[in-house]
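Structure at a glance
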Amino acid sequence: MSTTDANSIERRYKKGSLWLYVAITLIGLLAVQILHLPQLIRPIAVSASYSILIARIYARAWRYMADHSPAVLPRFYMMAPMIKMFITLLGILIGAVVYRGNKPMILIFVGIFTGYYVATRIYDSIYFYQVEKNNKKTNNKI
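Residues numbered from 1 in each chain as written. Predicted model: local features only at pLDDT ≥ 70, side-chain atom pairs only at ≥ 80, totals over all residues. Heavy atoms only, no water.

1. Section: the overall build of the protein chain
- When helices and strands are counted, the protein chain shows four helices and zero strands.
- Going residue by residue from the N terminus, the α and β elements of the protein chain occur as α-α-α-α.
- Counting only C-alpha atoms, the protein chain reaches 60 × 30 × 20 Å along its principal axes.
- Scored against the burial criterion, the 142 residues of the protein chain give a buried share of 34%.
- For the protein chain, the share of sequence-separated contacts (at least 6 apart) that also reach a separation of at least 24 residues comes to 72%.
- Carbon and sulfur atoms make up 70% of the accessible area of the protein chain, which amounts to about 9,100 Å² in all.
- Considering the protein chain, the positive charge centre built from 17 side chains and the negative charge centre built from 5 side chains are found 8 Å apart. (Helix = DSSP H or I, 4+ residues; strand = E, 2+ residues; numbered from the N terminus. Buried < 20%, exposed > 50% of the residue type's maximum accessible area, 1.4 Å probe, protein only. Contact = heavy atoms within 4.5 Å. Areas by Shrake-Rupley, 256 points an atom, 1.4 Å probe, with all protein chains shown as cover. Lys, Arg positive; Asp, Glu negative; His and termini not counted. Charge placed at Lys NZ, Arg CZ, Asp CG, Glu CD.)

2. Some thoughts on the side chain of Glu10
- In this structure, Glu10 sits in helix H1 (residues 3–35).
- Not counting chain neighbours up to four residues away, the residues in contact with Glu10 comprise Ala59, Arg60, Trp62 and Arg63.

3. Some details on the packing of aromatic side chains
- Per the counting criterion, the structure on display carries 15 aromatic pairs.
- Measuring from centroid to centroid gives 4.7 Å for Tyr50 and Phe113, while their planes differ by 35°, and the two rings are tilted. In this pair, Tyr50 is assigned in helix H2 (residues 41–68) and Phe113 in helix H4 (residues 103–141), connecting sequence segments 63 residues apart. Residue Tyr50 shares its accessibility class with Phe113, and that shared class is buried.
- Aromatic side chains Tyr58 and Phe76 sit 5.5 Å apart centroid to centroid with 25° between the ring planes, which places their arrangement in the stacked category. Here Tyr58, found in helix H2, pairs with Phe76, found in helix H3 (residues 73–98); they are 18 residues apart in sequence, far enough to count as distant.
- By relative accessible area, Tyr58 is classed as buried at 5%.
- Every member of this aromatic cluster is reached through a ring pair, and the members are Tyr13, Tyr58, Trp62, Phe76, Tyr77, Tyr123, Tyr127 and Phe128. (Phe/Tyr/Trp six-rings, centres within 6.5 Å; stacked < 30°, edge-to-face > 60°.)

4. Some remarks on the nonpolar core
- Counting 23 residues, the largest nonpolar core has Tyr13, Trp62, Phe76, Tyr127 and Phe128 as its most contacted members.
- Residue assignment for this core shows that the elements contributing at least two residues are H1, H2, H3 and H4.
- Contacts of Phe128, omitting those with residues within four sequence positions, involve Tyr13, Tyr58, Trp62 and Tyr77.
- Formed by seven residues, the second largest nonpolar core is a distinct cluster that contains Ile92, Tyr99, Phe109 and Phe113. (Core = buried A, V, L, I, M, F, W, Y, C linked by side-chain atoms within 4.5 Å.)

5. Notes on the pattern of salt bridges
- Counted by the stated rule, this structure contains six salt bridges.
- Close ionic contact of Glu10 with Arg63 constitutes a salt bridge, the shortest N to O distance being 2.7 Å. Within this pair, whereas Glu10 is found in helix H1, its partner Arg63 is found in helix H2, the two being separated by 53 residues in sequence.
- For Glu10, a relative accessible area of 4% gives the class buried.
- Classification of Arg63 by relative accessible area gives partly exposed; the value is 24%.
- Where Asp124 meets Lys84, a salt bridge forms, and the shortest distance between an N and an O atom there is 2.4 Å. Taken together, the residues span a long stretch of sequence, with Asp124 in helix H4 and Lys84 in helix H3 at a distance of 40 residues.
- On the basis of relative accessibility, which here comes to 3%, the residue Asp124 falls in the buried class.
- With a relative accessible area of 5%, Lys84 lands in the buried category. (Salt bridge = Lys/Arg side-chain N within 4 Å of Asp/Glu carboxyl O.)

Structure follows, in structure tokens:
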């Protein structure tokens, strides 16, 4: 895979993930307005910010692996989600500490944070499956 291919794949991933997080956040903020639940704004903002940051880091890590050692990408696809899961669990624990003593807010924060994480996992799986499928088609033609 050439560097320009990796750059365009990284750019498309960042753009697609940003659109995903914007859509989820707007739906969440619409629900806040309709249901009159302003206490959901902070968990939504924290979850969206976390997701955008992690997606950027993941895209950079993927591009580095694709440029420097493409043979290791299958291991990257297995290891990176595990690392993201542990970082997500750390974020959930931090949120639980911040909201300690307020069990309903802890549950709300965990639910929203987990929703963003699940959406991220689904998007990552679909996106990089398509990338690898296209790479196989391209490599078989050569």
